[in-house]
Amino acid sequence: MRVHARVPAARRARARALTRPASPPPPRAERERVLLLACIIAPVGAWLRYVITFSNKNTPTFPLYTYLCNLVSTVLSILIYVALTKVIPAGAERLGERAQFRLNEWLLALSLGFCGCLSTVSSFVHEVAMLWEKATLYDAYFYALTTLVSVHVICLAFLLPFSVHFSECENG
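Residues numbered from 1 in each chain as written. Predicted model: local features only at pLDDT ≥ 70, side-chain atom pairs only at ≥ 80, totals over all residues. Heavy atoms only, no water.

In terms of regular secondary structure, the chain is built from seven helices and zero strands. Buried positions account for 28% of the 172 residues belonging to the chain. Carbon and sulfur atoms make up 69% of the accessible area of the chain, which amounts to about 11,600 Å² in all. (Helix = DSSP H or I, 4+ residues; strand = E, 2+ residues; numbered from the N terminus. Buried < 20%, exposed > 50% of the residue type's maximum accessible area, 1.4 Å probe, protein only. Areas by Shrake-Rupley, 256 points an atom, 1.4 Å probe, with all protein chains shown as cover.)

Now for the nonpolar core. Considering soluble globular proteins, one finds that nonpolar side chains tend to be buried as a cluster. With 13 residues, the main nonpolar core has Tyr67, Leu71, Phe124, Val128 and Tyr143 as its most contacted residues. Looking at this core, the elements with two or more residues in it are α3 (64-90), α6 (121-134) and α7 (137-171). With five residues, α7 is the single largest residue contributor to this core. Setting aside its immediate chain neighbours within four residues, Val128 contacts Ala140, Tyr143 and Ala144. Of all hydrophobic cores here, the second largest spans eight residues; its members include Ala38, Ile41, Cys115 and Leu118. (Core = buried A, V, L, I, M, F, W, Y, C linked by side-chain atoms within 4.5 Å. Contact = heavy atoms within 4.5 Å.)

Within the secondary structure layout, Thr120 lies in the loop between α5 (97-118) and α6. At 2.8 Å, the side chain of Thr120 forms a polar contact with the side chain of Ser123. When near neighbours in sequence (up to four residues on either side) are disregarded, Thr120 contacts Arg49 and Asn70. (Polar contact = N/O pair within 3.5 Å; in protein donor to acceptor, adjacent residues only side chain to side chain.)

So, about the pattern of salt bridges. What the rule picks out here adds up to two salt bridges. Across the pair Arg33 and Glu105 runs a salt bridge, and its minimum N-O distance is 2.7 Å. Here Glu105 lies in helix α5 and Arg33 lies in helix α2 (residues 27-52), a separation of 72 residues in the sequence. Arg102 is the partner of Glu105 in a salt bridge, and the nearest nitrogen-oxygen pair spans 3.0 Å. Of this pair, Glu105 and Arg102 both sit in helix α5, separated by three residues, roughly a single helical turn. Assessed through its relative accessible area of 1%, Glu105 is described here as buried. If you follow the salt bridges from partner to partner, you end up with Arg33, Arg102 and Glu105 in one network. (Salt bridge = Lys/Arg side-chain N within 4 Å of Asp/Glu carboxyl O.)

Below, the discussion takes up the side chain of Thr147. Locating Thr147 in the fold gives a position in helix α7. The buried category is assigned to Thr147, whose relative accessible area is 4%. Other than its neighbours up to four places away in sequence, Thr147 contacts Tyr67, Asn70 and Phe124.

Our next topic: the environment of Ile52. Among the structural elements, Ile52 can be located in helix α2. Of the residues examined, Ile52 reaches a relative accessible area of 26% and is grouped as partly exposed. Sequence separation between Ile52 and Tyr65 is 13 residues, and the spatial gap between their C-alpha atoms is 6.3 Å. Setting aside residues no more than four positions away along its own chain, Ile52 makes contact with Tyr65 and Cys69.

Next comes the structure, spelled out in C-alpha cells:
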C-alpha cells in the first residue's frame, strides 16, 4: 500500500495549496481593489485642499495655495509614476512578487485618490473663472498660464533625467 493513500484527499489538497506559489489576483480584482483604496484615501486629499484654500483670501489676485496644491500633487504623481515604472521593477527581485504587487496597488491608489483630489481640474477652472469675474482678465490668464507652464516644467524636470538615465542603462 502506498504511503500517501492513507492521508485524506482534503489534507493532500491543502498541503499542495500551501506549497504552491501565490498567484496575483486577476486584473479585474486588482482594479477593483485599487479603486476601493483610492476611494478610501481620496477624502484626505479633498479635505486637505478644502482647508488649504481658505488661505487664498490672503492673495486675492493669485490663488497661491490652490497653485501650491496643484504643484505638490503633480510632484507626488510624477514620483509615483517614476516609482511604478522605473524604481520598483528595477528592484523586483529583492521585493518579491507579492510585495511588489501590493506596493503597486497602494501607489496607484495614492495617485488616483489623494493626488487626484488634491489637484482637481474643477477647482482650477473655478479659480480662473472667479479671477475673471472679480479681478481682471490679466489675473485670470496669468494664473492659468503660470499653473499650466509650471506643471509642465516640473514634469520635464522630473521625467527627463529618469528617461535619459534608464535608457543609458538599457543600452549598455
